[in-house]
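One letter stands for each residue in the lines below.
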Amino acid sequence: MHTLSHMAWGVSKHLAFGYLLYSIIHHWRGSSPDWNTVSVLLFATICPDLIDKPLVFSGFLNYGRGFAHSLLVALPIILFALFLTRRLNRGELGTAFAIGYLSHVPVDLYGPLLTGRTTMDTAFLFWPVLVEHSLGIQTPEFWLSRSVLFLIILFSAFVLWLYDGMPIVADILRFLTDTRTG
């Protein structure tokens, strides 16, 4: 059974990796993320778990990575989000959703890479077509422990978030300050 600290650690990994990836892409394109896109991004980084975990708890799925983690389901969800946000002239939100959602899968795949298993659990990538068997992808050797790797990602995302002007938090503080003065 998952403890609260285990779930918090899992969520923080998804949030940090998604933000790190999104911010790097934004800087590469010559801009910084804003609170709107970061809000959508952060939601999207945990969206597969927000869908699949309740399905496990309700007994519909027997494994925490299934329906929403499957690329066969994720791609239509992402394409719908891209279509909808472009129709609303908010394409940047769709891009944030797509990057956030897709960033979830590598974080879930990393575990076997760093725990010494010889193959990765990849069956969930093509759920429900492939349920019981992985694709047999061999895991490479890593010299870095799983915890150290994610502490580096967490720290890097935090530093980049500070560099980006603390999206969301700075906007809330600015709103509260403006409300008091105006």
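Residues numbered from 1 in each chain as written. Predicted model: local features only at pLDDT ≥ 70, side-chain atom pairs only at ≥ 80, totals over all residues. Heavy atoms only, no water.

Thoughts on empty space enclosed by the protein
To keep it simple, the criterion reads: Using a 1 Å grid laid over the protein atoms alone, points where a 1.4 Å probe fits but cannot get out form a cavity; open sets with protein on both sides within 12 Å along at least 5 of 7 lines form a pocket; any residue with an atom within 4 Å of a point counts as lining. Grid points are joined across faces, edges and corners, and a volume is the space filled by probe spheres set on the points. Helical segments are the DSSP runs of H or I of at least four residues, strand segments are the runs of E of at least two, and each set is numbered from the N terminus.
Overall, the coordinates contain one cavity of 30 Å³ or more when judged by the stated rule. For the largest cavity, the calculated volume is near 30 Å³. In terms of lining residues, the largest cavity is bounded by Trp 9, Ser 12, Lys 13, Ala 16, Phe 150, Ile 153 and Leu 154. The leading source of residues in the lining of the largest cavity is helix H1 (residues 4-28), at four residues.

Examining the nonpolar core
The following threshold applies: Side-chain atoms within 4.5 Å are what join buried Ala, Val, Leu, Ile, Met, Phe, Trp, Tyr and Cys residues into a set we call a nonpolar core. The classification of residues rests on relative accessible area computed with a 1.4 Å probe and restricted to protein chains. Under 20% of the type maximum is buried, over 50% is exposed, and intermediate values are partly exposed.
Within the largest apolar cluster, nine residues are counted, these being Ala 44, Cys 47, Ala 68, Ala 74, Ile 78, Ala 81, Phe 97, Ala 98 and Tyr 101. Within the residue set of this core, elements represented by two or more residues are helix H2 (35-57), helix H3 (71-87) and helix H4 (91-115). Leu 20, Tyr 110, Ile 153 and Ala 157 belong to the second largest nonpolar core, which has eight residues in total.

Some remarks on the confidence of the model for the protein chain
Reading predicted coordinates in detail is not appropriate for stretches of low pLDDT. Operational definition: Confidence scores per residue from the predictor, reported as pLDDT, run from 0 to 100.
Put simply, the protein chain has an average pLDDT of 83, and 81% of its residues get 70 or more. Here helix H6 (residues 169-181) stands out as the least confident element of the protein chain, with mean pLDDT 84; H3 is the most confident, with 96.

Description of H3
The test is simple: A helix is expected to span 1.5 Å for every residue after the first. In this context, the arc is that of the directions from the helix axis out to the C-beta atoms.
Taking 1.5 Å as the rise per residue, H3 with 17 residues should run 24 Å; its terminal C-alpha atoms sit 24 Å apart, in good agreement. Looking at H3, one finds that the buried residues are Val 73, Ala 74, Ile 78, Ala 81 and Thr 85. Buried positions in H3, seen along its axis, are confined to an arc of 125° and lie on one side of it. Exposed residues lying more than 90 degrees from the buried face of H3 are Leu 79, Phe 80, Phe 83 and Arg 87. Positive phi shows up at Asn 89, right after H3, with a value of about 55°.

Things to note about the side chain of His 104
Note the threshold: Any pair of residues with heavy atoms lying within 4.5 Å of one another is described as a contacting pair.
By secondary structure assignment, the location of His 104 is in helix H4. His 104 has contacts with His 14, Thr 45, Ile 46, Pro 48, Asp 49 and His 69, leaving out every residue within four places of it along the chain.

Overview of unusual backbone geometry
The phi dihedral of Met 166 falls on the positive side, at around 55°, and the residue is not glycine. You can see Met 166 is positioned in the loop between helix H5 (146-163) and H6. On the basis of relative accessibility, which here comes to 28%, the residue Met 166 falls in the partly exposed class. Positive phi is not limited to glycine here, since Ile 168 has a value of about 80°. Within the secondary structure layout, Ile 168 lies in the loop between H5 and H6. Exposure remark for Ile 168: the relative accessible area of 23% places this residue in the partly exposed category.

A short note on the layout of surface pockets
Operational definition: Gly counts as polar in this scheme, as do all residues outside two lists: the nonpolar Ala, Val, Leu, Ile, Met, Phe, Trp, Tyr, Cys and Pro, and the charged Asp, Glu, Lys and Arg.
The volume enclosed by the second largest pocket comes to roughly 220 Å³. Taken together, 13 residues line the second largest pocket, and the ones lying closest to its centre are Leu 15, Ala 16, Tyr 19, Leu 42 and Trp 161. At the level of elements, H1, H2 and H5 are the ones that each hand at least two residues to the lining of the second largest pocket. By residue class, the composition of the lining of the second largest pocket is twelve nonpolar, one polar and no charged.

Concerning the packing of aromatic side chains
Defined as follows: For Phe, Tyr and Trp, where Trp contributes only its six-membered ring, two rings pair if their centres lie within 6.5 Å, and the inter-plane angle classes them as stacked under 30 degrees, edge-to-face over 60, or tilted in between. Any Lys NZ or Arg CZ found within 6 Å of a ring centre and within 35 degrees of that ring's normal is scored as a charge over the ring.
Inspection of every chain in the model, using the stated rule, returns two aromatic pairs. Measuring from centroid to centroid gives 5.6 Å for Phe 97 and Tyr 101, while their planes differ by 45°, and the two rings are tilted. A residue pair is termed a helical-turn pair when its members lie 3 or 4 positions apart in one helix, as Phe 97 and Tyr 101 do in helix H4 at four residues. Above the plane of the ring of Phe 150 lies Lys 13, whose end atom (NZ or CZ) is 5.5 Å from the centre.

Thoughts on a nonpolar patch on the surface
Test applied: Patches draw on residues past 30% relative accessible area with no salt bridge. Two like charges within 9 Å are joined, as are two nonpolar side chains (Val, Leu, Ile, Met, Phe, Trp, Tyr) within 5 Å. All accessibility values rest on the Shrake-Rupley procedure with a 1.4 Å probe; residue burial counts only the protein chains present in the view. Salt bridges are defined as contacts in which a side-chain nitrogen from Lys or Arg sits within 4 Å of a carboxyl oxygen from Asp or Glu.
Together, Val 169, Ile 172, Leu 173, Phe 175 and Leu 176 make up a nonpolar patch on the protein surface, roughly 470 Å² of accessible area in all. Along the chain, Ile 172 falls in helix H6.

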